[in-house]
Structure formats: structure tokens, C-alpha cells
Amino acid sequence: RFPDNTGIPESGNGVPDILDEIKYELDWMLKMQETNSASPRFGALYSGCFVVTGINGTSDGIGNPAADNRPYFYANYSTAATASGAAAFAIGARLFSAYTGAYPGYAATLQTAADRAWAFLTANPNNIQYNHTNFDNANANQDDNAEKRLRFLAAAELYRATGNATYRTYCDNNYN
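Residues numbered from 1 in each chain as written. Predicted model: local features only at pLDDT ≥ 70, side-chain atom pairs only at ≥ 80, totals over all residues. Heavy atoms only, no water.

Describing the overall build of the protein
Next up, step 1: When helices and strands are counted, the protein shows five helices and two strands.
Next up, step 2: Counting helices and strands in the order they occur from the N terminus, the protein gives α-β-β-α-α-α-α.
Next up, step 3: Residue burial in the protein is summarised as follows: out of 176 residues, 35% are buried.
Next up, step 4: Only carbon and sulfur atoms are counted for the fraction: they give 51% of the accessible area of the protein, which is about 10200 Å². (Helix = DSSP H or I, 4+ residues; strand = E, 2+ residues; numbered from the N terminus. Buried < 20%, exposed > 50% of the residue type's maximum accessible area, 1.4 Å probe, protein only. Areas by Shrake-Rupley, 256 points an atom, 1.4 Å probe, with all protein chains shown as cover.)

Given below as C-alpha cells:
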């Protein structure tokens, strides 16, 4: 349904260009996940990042992140961001599994990230929000009901990607 010839740098690689674009965003999300296994936040996703104006560095003036070398800072983690990430990683793992020739190991990387995010959510059953005061970025915090819906979405997508009964059980126990 989607061509591989829209004129982006990845066109012609055997992967629909829309997935190449999605990969760009998933790569950013992977950078937002805590990967230090010694950290109590292991598997959590940070809620965003921001730049502090007036710090050394340059921007190309048009918002091109590839040309922006200013330092960025992470906003703290939240369970809403982690649940959103778990769902996105699971969907990505499922979709990219058909394109291992162009992106070897990528589907497995995404599945590992999804599993790590879910493990964090399982270990932290309550809605964790971060203090958004003085941040000039989108507020990723969600109220308890919205955060629960994101957890459900993550479990449903993880079940669809893996068939693991753990995720199905979570959905069965929390669908209402």
C-alpha cells in the first residue's frame, strides 16, 4: 500500500518509505529509554527533552535536529511515556520483522525495548508523573485513567506482537 519511491534518502531500500520515516522516530524513542540495568528506572522512558536557550551551540534556524548541536536535557520519566513507548516499540517490532534484510536486528531491538518498558510498568503499578514546573516542552503526564488506557494499549500490542499469555491476562483483567 505504501511505496518505496517517495524520494527520501532511504527510498529504494526495499522498505516502504513510511516505515523508514517511522524508524527515524522509533530511533529517537529508543534514546529516551533508560538502558542502565543498575538504575531503578531501567526500562522507563523519559517524558521528553528540552533545550535551554542561551547555552553554547548553534541551530540552523529552521528546526533541523540533525544540524542542531545545542545541549539537550531529559525531562524525568513517567509511566505514561513508558506505556506509550512500550506500545510503539511492540508495533514497530511487529512491522519491522518483515524487513530484517534492510534493518537486521531492528525488530529484536524494538521487542527488547518493549519488554523492558513493560517490566518497568509491572514493577511500578501506580501512575508516576514528573514535575513539569519550568519545563518548556509538552507535558507528557496523564491522569490515572488515561495512564491505565496506555498500559492497556501496551499490553494489547505486546500480546499481538508476541502471543505471550501474560499480556493477554493483563488485558483480560483490565479491559473495563
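Thoughts on the nonpolar core
Next up, step 1: Leu26, Phe89, Phe96, Tyr106, Leu110 and Trp118 are the most contacted members of the largest nonpolar core, which has 30 residues in total.
Next up, step 2: Counting residues per element, the ones that place at least two in this core are helix H1 (17-31), helix H2 (79-96), helix H3 (106-123), helix H4 (144-162) and helix H5 (165-174).
Next up, step 3: No other element matches H2, which puts nine residues into this core.
Next up, step 4: With sequence-adjacent residues up to four places away left out, Leu26 is seen in contact with Ala88, Phe89, Gly92, Phe96, Tyr106 and Leu110.
Next up, step 5: Membership of the second largest hydrophobic core comes to five residues, among which are Met32, Ala44, Tyr46 and Tyr77. (Core = buried A, V, L, I, M, F, W, Y, C linked by side-chain atoms within 4.5 Å. Contact = heavy atoms within 4.5 Å.)

Observations regarding the packing of aromatic side chains
Next up, step 1: For the structure shown, the criterion picks out six aromatic pairs.
Next up, step 2: Between Phe96 and Tyr106, the aromatic rings sit 5.1 Å apart at their centres with planes inclined by 85°, giving edge-to-face as the arrangement. Here Tyr106 lies in helix H3 and Phe96 lies in helix H2, a separation of ten residues in the sequence. Of the two residues examined, Phe96 and Tyr106, each falls in the buried class. (Phe/Tyr/Trp six-rings, centres within 6.5 Å; stacked < 30°, edge-to-face > 60°.)

Overview of the side chain of Gln33
Next up, step 1: Locating Gln33 in the fold gives a position in the loop between H1 and strand S1 (45-51).
Next up, step 2: With near-sequence residues (within four places) excluded, Gln33 lies in contact with Gly43, Ala44, Leu45, Phe89, Ala113, Arg116 and Ala117.

Points about H4
Spacing of three or four residues puts side chains on the same side of an α-helix, whose turn is 3.6 residues.
Next up, step 1: With 19 residues, H4 should reach 27 Å at 1.5 Å per residue; the first-to-last C-alpha distance of 27 Å fits that figure.
Next up, step 2: Turning to H4, its buried residues number three or more, namely Ala146, Glu147, Leu150, Arg151, Ala154, Ala155, Glu157 and Leu158.
Next up, step 3: Packing partners of the buried residues in H4 comprise H2, H3 and H5.
Next up, step 4: Measuring from the backbone nitrogen of Asn145 back to the side-chain oxygen at the start of H4 gives 3.1 Å, which picks out Asp143 as the cap.
Next up, step 5: At the exit of H4 stands Gly163, carrying a positive phi of roughly 75°. (Expected span 1.5 Å × (residues − 1). Polar contact = N/O pair within 3.5 Å; in protein donor to acceptor, adjacent residues only side chain to side chain.)

Let's talk about a nonpolar patch on the surface
Next up, step 1: Residues Phe2, Ile18 and Ile22 make up a contiguous nonpolar surface patch of about 260 Å² in total accessible area.
Next up, step 2: Along the chain, the position of Phe2 falls in the segment before H1.
Next up, step 3: By relative accessible area, which is 51% here, Phe2 ends up exposed. (Patch = residues over 30% accessible without salt bridge, like charges linked within 9 Å, V, L, I, M, F, W, Y side chains within 5 Å. Salt bridge = Lys/Arg side-chain N within 4 Å of Asp/Glu carboxyl O.)

Description of the side chain of Glu147
Next up, step 1: Along the chain, the position of Glu147 falls in helix H4.
Next up, step 2: The exposure class assigned to Glu147 is buried, which follows from its relative accessible area of 2%.
Next up, step 3: Of note is the side chain of Glu147, whose polar atom sits 2.7 Å from the side chain of Thr79.
Next up, step 4: Contact partners of Glu147, with chain neighbours within four places excluded, come to Thr79, Ala80, Asn126, Asn127 and Gln142.

Notes on the confidence of the model for the protein
Next up, step 1: On average, residues of the protein score 88 in pLDDT, and 84% of them are at 70 or above.
Next up, step 2: Per-element mean pLDDT across the protein ranges from 78 in S1 up to 98 in H3. (pLDDT = per-residue confidence, 0-100.)

Quick word on the environment of Tyr74
Next up, step 1: Checked against the element boundaries, Tyr74 lands in strand S2 (residues 72-78).
Next up, step 2: Through-space distance from the C-alpha of Tyr74 to that of Met32 is 8.0 Å; in sequence the pair is 42 residues apart.

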